[in-house]
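# Residue-level structural notes
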Amino acid sequence: MLRNFSLCKFEILITIALFRNKIKNTMCNKRNRLLVFLFCTLLLAHKAVLATPPDEGMWLPILLKELNEEDMKKRGFRLSAEDIYSVNKSSMKDAIGRFGGGCTSAIISNEGLLLTNHHCAHSYIQYLSSVQNDYLKNGFWARTKSEELPCPGLTVTFIVSMEDVTKKVLENTDNITDELQKQAKINQNIAQIEKEASKGTHYKARISPFYYGAEYYMFITEVFTDVRLVGAPPEKIGQFGGDTDNWVWPRHGADFAIFRIYAGADNKPAPYSQTNVPYKPKYVFPISLQGVQKGDFTMVMGFPGRTFEYLPSQDVEMNVKMTNPAIIRIREERLKIIDLAMRLSDTVRIKYSAKYAGISNGYKKTTGQLNGLVRLEAVKRKQELEAQFQTWANTQGEPYKSILPGFANVYATLSKLNLASVYINEAIFGIEILNYATNFIELEEIAKKENSTDHDFEEAKRKIASSVHAHFKDYEPRVDRKVMTALLQIYYENTTKDAQPTIFTEIEKKYKNDFAEFSKYVFSKSFMTNENDVNKFLEKTNKKNIQKLLDDPAYQVAKSMWNKYYREIKPEYDKLSAEARRLNKIYIEGLRKMLPEKKFYPDANSTLRVTFGIISDYEPRDGVRYEWFTTLDGIIEKSKSLNPDYEVPEKLKELHAKKDYGRYGKNGVLYTCFIGTNHTTGGNSGSPALNRDGHLVGINFDRNWEGTMSDIMYDPAKTRNIMVDIRYVLFIIDKYAGAGYLLNEMKIIE
Ligand code: ARG
Ligand code: GLU
């Protein structure tokens, strides 16, 4: 909209200019002819912009031909939908792998080289690191295949095929009126279809609901389990800018890491073995060194996690007024306490760096989303659409007519429960000791169950014992005690009495609501503050003797919260959410009928999607325009500040000083990152960014802060995905790390 508007303004100016000139000069002069020509060109360009498609949408690969191919070509795409997803030949989708549980990766060599983000590889790199071999700090480069490092537990999943199975899934469910029974039958059908589909193969089958269960698609997948780390830059390069720059444009991170997939001799997935061989992929992305320009077509393929584009206004309002502010407030408090402790002690800094990054990542995204929703007047826009819907629905009758009143009804109660639920999850379970204490509830349950055995109890103990060290390795009770004081207070002040567990009555009676005193008591008496005491407890306790657990104050608080949440709040919350989902399903069905010309896309649900758009700058706020690209100069510029997030290895500075960019630079400039209008979300990290010829030009790794509301409402003027320029990636591999030999495997287009 903004784009069209500014063009209109421009046209008016040209018209005025022409008119003025007409008065001054004769129409035949050269300058005027040029202006007329310009005017016409602009008009045409304007038309073209009007006709160009919006970039919102996360599209299903098998529907591209029908829905998007034409729009993609208008944007400049030079291949066809069949090149992206084909059942008959190898296509791009064969080279897109889901990386672990939450990221995306792309195949870039005939020998199974895989490209993803550094932040997606972070936990594996950390796992493989030691003080002697600190790969996070120094980076890692395997000089030969035998130096590549296995990553236990890491999987890469490819989509073999996908299929609409709606009819089969909904078979014999039409006349079941009870929602829960209906869902049970659907689940039964799904299990049956999945079982049959993968029978006798090494593939897995998974069926996912789309449009709140109006449609179902089945995905046949191949899961590789021998995946090895090949290379990663130092963290200071891979995640340059750290938390300061996270969710922020302009950005300069070389957020990449390289892995290799190994397979058995038959090229099929196999558990790790020294005899495994590099996987021979069906498709390999060629890499282009040509770079991108403003306005160029780009496409991002990957596994976006979750979006909520079709919520009713009440839900958006709940986010704006309650959920987001609560999350922000609680996390701000936690971050403040942890940050101070990290600054005062190196031990605490190391222990809490990953935790801090996680809390901060969600915090920052939530603030961006809230700002964006408010700025867009998202609630009002939803209400306007709803008014239109109701008028249409009144002409249609049921089931559409009563959907919106139904939402109003559900959300009246749901929003109250939502507040309690957000506070319990963010505040109470944000207190580490309470969260940890919930692991012990199983012991009490087994001890109290009549027909349970000693064996059951020992099994549950073993489960706890296996993670004691991992928990305490990164735990600091001093910090957690301060968090407890602050968060209990916040919980108390922001929830109503009926949302407060019984323990609060006691805190009021015995401690006069002095939460610091109460926390002091919990931490001085609980055995859950250190590894030794927990191990001792596990040694001594048995099914008949759990008194020590029942007497533990941390356990008592946790149990009281747990009961409130799981016994009272959650069952009711789940029931209402199920009703909201049922309404949502019919609501979207109605919207699709009401707007037959509009192209709809299903919310992200971690299934393979294609999003496309153009390279584009943006205006974060009035008077400020952000370029669509960044360069190595910007890294050097940032590195001159005192912020430790902007420290950068000396060698990179040297390469910059010498302008030693090789074929990766252009006229003395090394491009680092760029942005586009592609509609992406969490899970798209590591997705390849492709140009109009399907060549890899970058890797997606983040979104701009002003655009994070796109999970709920996309804004073409402000939503931008952030990609690292592949030329910067190759420069780091070749010039910085001296691992240019890896490039010999890649198909590079100069
Ligand atoms: N914002 C990125 C995404 O949501 C995560 C980036 C991780 N880096 C960091 N400094 N926390 O996953
Ligand atoms: N960093 C996100 C990820 O790990 C991508 C950013 C986004 O939410 O768009 O998937």
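Residues numbered from 1 in each chain as written. Chains lettered and ligands numbered in written order. Predicted model: local features only at pLDDT ≥ 70, side-chain atom pairs only at ≥ 80, totals over all residues. Heavy atoms only, no water.

### Let's talk about the site of ligand 2
- Surveying the vicinity of ligand 2 reveals the residues His119, Trp247, Thr680, Thr681, Gly682, Gly683, Asn684, Ser685, Phe701, Asp702 and Arg703.
- At a separation of 2.9 Å, an oxygen atom of ligand 2 approaches a polar side-chain atom of histidine 119.
- A distance of 2.9 Å separates an oxygen atom of ligand 2 from a polar atom in the backbone of glycine 682.
- Starting from 300 Å² of accessible surface for ligand 2 in isolation, the protein chains cover 89%. (Near = heavy atom within 4 Å. Polar contact = N/O pair within 3.5 Å; in protein donor to acceptor, adjacent residues only side chain to side chain. Areas by Shrake-Rupley, 256 points an atom, 1.4 Å probe, with all protein chains shown as cover.)

### Concerning the pattern of salt bridges
- By the definition in use, this model includes 46 salt bridges.
- A salt bridge links lysine 559 to glutamate 444; the nearest nitrogen and oxygen atoms lie 3.2 Å apart. Of this pair, lysine 559 sits in helix α25 (residues 553-594) while glutamate 444 sits in helix α17 (residues 441-448); the two residues are 115 residues apart in sequence, bridging distant segments of the chain.
- Bridged by salt links that share partners, the residues Lys294, Asp617, Glu619 and Arg625 form one connected network. (Salt bridge = Lys/Arg side-chain N within 4 Å of Asp/Glu carboxyl O. Helix = DSSP H or I, 4+ residues; strand = E, 2+ residues; numbered from the N terminus.)

### So, the nonpolar core
- Judged by nonpolar contacts, the single largest core of 209 residues is most densely connected at Met299, Phe440 and Tyr728.
- Per element, the largest residue contribution to this core is 16 residues, and it comes from α25.
- Those residues in contact with tyrosine 728, other than ones at most four positions away along the chain, are Ile237, His252, Gly253, Ala254, Leu632, Ile635, Leu652, Leu670, Tyr671 and Thr672.
- By size, the runner-up hydrophobic cluster in this structure holds eleven residues, among which are Val160, Ile207, Met218 and Ile220. (Core = buried A, V, L, I, M, F, W, Y, C linked by side-chain atoms within 4.5 Å. Buried < 20%, exposed > 50% of the residue type's maximum accessible area, 1.4 Å probe, protein only. Contact = heavy atoms within 4.5 Å.)

### Topic: the environment of isoleucine 338
- Along the polypeptide, isoleucine 338 turns up in helix α12 (residues 313-344).
- On the basis of relative accessibility, which here comes to 4%, the residue isoleucine 338 falls in the buried class.
- Remark: the alpha-carbon pair of isoleucine 338 and aspartate 480, spanning 142 residues in sequence, is separated by 8.5 Å.

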